[in-house]
Amino acid sequence: MAEAAPLSKRPRVVVTRKLPDGVETRMAELFDVSLNLSDTPFSPQQLKEAVAEADVLVPTVTDTIDSDIVAAAGPNLKLIANFGAGVDHIDLAAANAAGLTVTNTPGVLTEDTADLAMALLLSVPRRLFEGEKILRSGDWTGWTPTFLMGHRIAGKRLGIIGMGRIGRAIARRARAFNLSIHYHKRTRLRPEVEAGLEATYWADLDEMLGRMDYVSVNCPLTEATHHLLDRQRLTRLPPHAVLINTARGEIIDEEALADLLEVGRIAGAGLDVFEEEPQINPKLLALDNVVLLPHMGSATVEARVAMGEKVLINIRALVDGHRPPDRVLPI
């Protein structure tokens, strides 16, 4: 593939959200940058105005870059340098058809997201947040033998949906807790990778779900994975199962999940992502067997700075007339 035409040595870069100070400072040194210091999400109209004036747009997961936004792009827009790994909020086909390069920030948030998934996996079965809530309310009257009994995770089965970087990082952590690793993926891992993780492959997701104690969702959001875990699939989980989601909320039918959790058909869930962020299903908010977090899987200083560095590298590559290393193409 031919290298991209170079941008101006000091391209106009529009950043849609507040980024770490060090990242913003470096952008100001390198580019003609417009920052969003208030951190207020852009409206669709503001996004249209941004793509009309910019050489580079730096959006985040809170920005929906659909075909209407792409159609509003001015002649100078060359790059959509996404601050984040997931690109389901960007119409890749429309961007590609318009001759726009799209990049993301893969790899640098893997360990932090895996840490959070593991924290949820430990928190829900041991009822940690229920205990914290009771303690803060002043209702705790002291230790008793049967108070807040949860379940140990050692010796149980963990089913991972999507065995990419994050899925494999979770598997490595889970092995240290003596969990048996199972996974479902469109394409099976290489034998040596599978052996290293001591993982069992399931070609049929339905068959895997019915045998797992815990399930972690780690696949990307695509047309094929939207409501991958619908009501019918969720009922395949054993009643004692716990579901963890640190990927995208839309992969799970949230209303169905709330219903099943409410009646105890599924034992518990740990959710860091939701279908209608930042709105949360009221049914979930009312449940004690669910741990809810505000989409903070990669929220570490180290990850956010590394994501910003990835964005800078991708912009600099295009400025120099090279193909950005993290280019994303439509499937």
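Residues numbered from 1 in each chain as written. Predicted model: local features only at pLDDT ≥ 70, side-chain atom pairs only at ≥ 80, totals over all residues. Heavy atoms only, no water.

The name given to the protein in an unreviewed UniProt entry is Glyoxylate reductase, with the source organism recorded as Eilatimonas milleporae. Looking at the protein in UniProt, the text filed under Sequence similarities (unreviewed entry) is "Belongs to the D-isomer specific 2-hydroxyacid dehydrogenase family." (UniProt positions renumbered as here; feature names shortened; annotations may be inferred.)

S.K.: Is there a simple way to think about the overall build of the protein in this case?
M.R.: In terms of helices and strands, the protein carries 13 helices and 12 strands. Relative to the compact-globule value of 20 Å for 331 residues, the protein shows a C-alpha radius of gyration of 22 Å, a close match. Seen through its C-alpha atoms, the protein measures out along the principal axes to roughly 70 × 50 × 30 Å. Within the protein, buried positions represent 48% of all 331 residues. Counting only contacts in the protein whose residues sit at least 6 apart along the sequence, the fraction spanning at least 24 positions is 60%. Entry remark: accessible area of the protein is about 16,000 Å², with carbon and sulfur atoms responsible for 53%. (Helix = DSSP H or I, 4+ residues; strand = E, 2+ residues; numbered from the N terminus. Rg over C-alpha atoms; globule rule 2.2 N^0.38 Å. Buried < 20%, exposed > 50% of the residue type's maximum accessible area, 1.4 Å probe, protein only. Contact = heavy atoms within 4.5 Å. Areas by Shrake-Rupley, 256 points an atom, 1.4 Å probe, with all protein chains shown as cover.)

S.K.: In this structure, what is going on with the packing of helix H5 (residues 110–123) against helix H7 (residues 165–176)? I would like to understand it.
M.R.: Packed helices, taken two at a time, are described by their axes: the angle between them and the distance between them. The contact between H5 and H7 brings their axes to 9 Å, and the two run at 50 degrees. Relative to H7, the element H5 lies oblique. Here the hand of the crossing between H5 and H7 comes out right-handed. Facing Thr110, Glu111, Thr113, Ala114, Asp115, Ala117 and Met118 of H5, the residues of H7 in contact are Arg165, Ile166, Ala169, Ile170, Arg172, Arg173 and Ala174. For the contact of H5 with H7, the residue count by class is seven nonpolar, two polar and five charged. (Axes fitted to C-alpha atoms, helices over the stretch in contact; angles between N-to-C directions. Parallel < 35°, antiparallel > 145°, perpendicular 65-115°, else oblique. Left-handed = near helix turned anticlockwise from the far one by under 90°. Nonpolar A, V, L, I, M, F, W, Y, C, P; charged D, E, K, R; others polar.)

S.K.: Please clarify how the side chain of Asp112 should be interpreted in this entry.
M.R.: Within the secondary structure, Asp112 is located in helix H5. Arg173 provides the closest opposite charge to the buried, unpaired Asp112, separated from it by 7.3 Å. Here Thr300 takes part through its side chain, which lies 3.2 Å from a polar atom of the side chain of Asp112. Ignoring sequence-local partners within four residues, the contact set of Asp112 consists of Gly297, Ser298, Thr300 and Ala303. (Lys, Arg positive; Asp, Glu negative; His and termini not counted. Salt bridge = Lys/Arg side-chain N within 4 Å of Asp/Glu carboxyl O. Polar contact = N/O pair within 3.5 Å; in protein donor to acceptor, adjacent residues only side chain to side chain.)

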